Amino acid sequence: MLRQIPPTADLPEWSLTASTQARRRINKEINNELHKPPGGVFVDAAHQLDCQGFWLFPGMPVVGCSTDNGLFNGQLYTVLDVEPKVKLQTYGGHDEVTVDMCHIRCGMPAHAITYYSCQGRNLRGRVMLYVQHSKITTTHLIVGVSRATC
């Protein structure tokens, strides 16, 4: 029998899911929740490679979805600043990249990522595992549990 840990009121730093559809839904929910204070810039879905509109604000995790304009496909970044240009820092590193707002189409929200894309990464903070998928296996859970560093 699967027992769930009761959720807490605060949001996890990372959420892992098996499907892209769930990843997109979770990213949208968390992005809307975190954007309650004013500020940030809205990135329209029409200007996205992933066709997922979202609010971009300092502290937000993003992942490169194309190797273009200084961003790298699959690389995690943290947003440092959004105006006048988007300034990103590689996750867990010190390298910074600055891109024009028109080139942020090469990035997407990374509040939630798939089990497949988190392999080989260390994720700081609390990690929420979504296991409500018909194809989830023990291997997925081992990968997910082993990503968190605390």
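Just above, that's the structure.
Residues numbered from 1 in each chain as written. Predicted model: local features only at pLDDT ≥ 70, side-chain atom pairs only at ≥ 80, totals over all residues. Heavy atoms only, no water.

Colleague: Any chance you could break down the packing of aromatic side chains for me, citing the residues and the numbers?
Modeller: By the definition in use, this model includes two aromatic pairs. Summarising the aromatic geometry, the rings of Trp14 and Tyr91 are spaced 5.1 Å apart at their centres and angled 80° between planes, so their arrangement reads as edge-to-face. Of this pair, Trp14 sits in strand E1 (residues 14-17) while Tyr91 sits in the loop between strand E6 (86-90) and strand E7 (96-99), and the two are 77 residues apart along the sequence. Neither Trp14 nor Tyr91 differs from the other in exposure class; each is buried. Residue placement shows Arg124 over the ring face of Tyr91; its charged tip is 4.4 Å from the ring centre. (Phe/Tyr/Trp six-rings, centres within 6.5 Å; stacked < 30°, edge-to-face > 60°. Helix = DSSP H or I, 4+ residues; strand = E, 2+ residues; numbered from the N terminus. Buried < 20%, exposed > 50% of the residue type's maximum accessible area, 1.4 Å probe, protein only. Lys NZ or Arg CZ within 6 Å of the ring centre and 35° of its normal.)

Colleague: Talk me through the sheet that holds strand E9 (residues 112-114); I want residue IDs and the actual numbers.
Modeller: What the three strands build is an open sheet, ordered E9-E1-E10; its pairing is parallel. Only two strands of the sheet have a single neighbouring strand rather than two, namely E9 and strand E10 (127-129). With direction set aside, neighbouring strand axes in the sheet form an average angle of 30°. The strands that helix H2 (residues 138-147) touches are E1 and E10; relative to E10, the one it contacts most, it runs at about 170°. (Pairing = 2+ DSSP bridges. Axes fitted to C-alpha atoms, helices over the stretch in contact; angles between N-to-C directions. Contact = heavy atoms within 4.5 Å.)

Colleague: Break down unusual backbone geometry for me, with residues and values.
Modeller: Between Glu83 and the following residue, Pro84, the backbone shows a cis peptide bond with an omega angle of 0°. Structurally, Pro84 can be placed in the loop between strand E5 (76-81) and E6.

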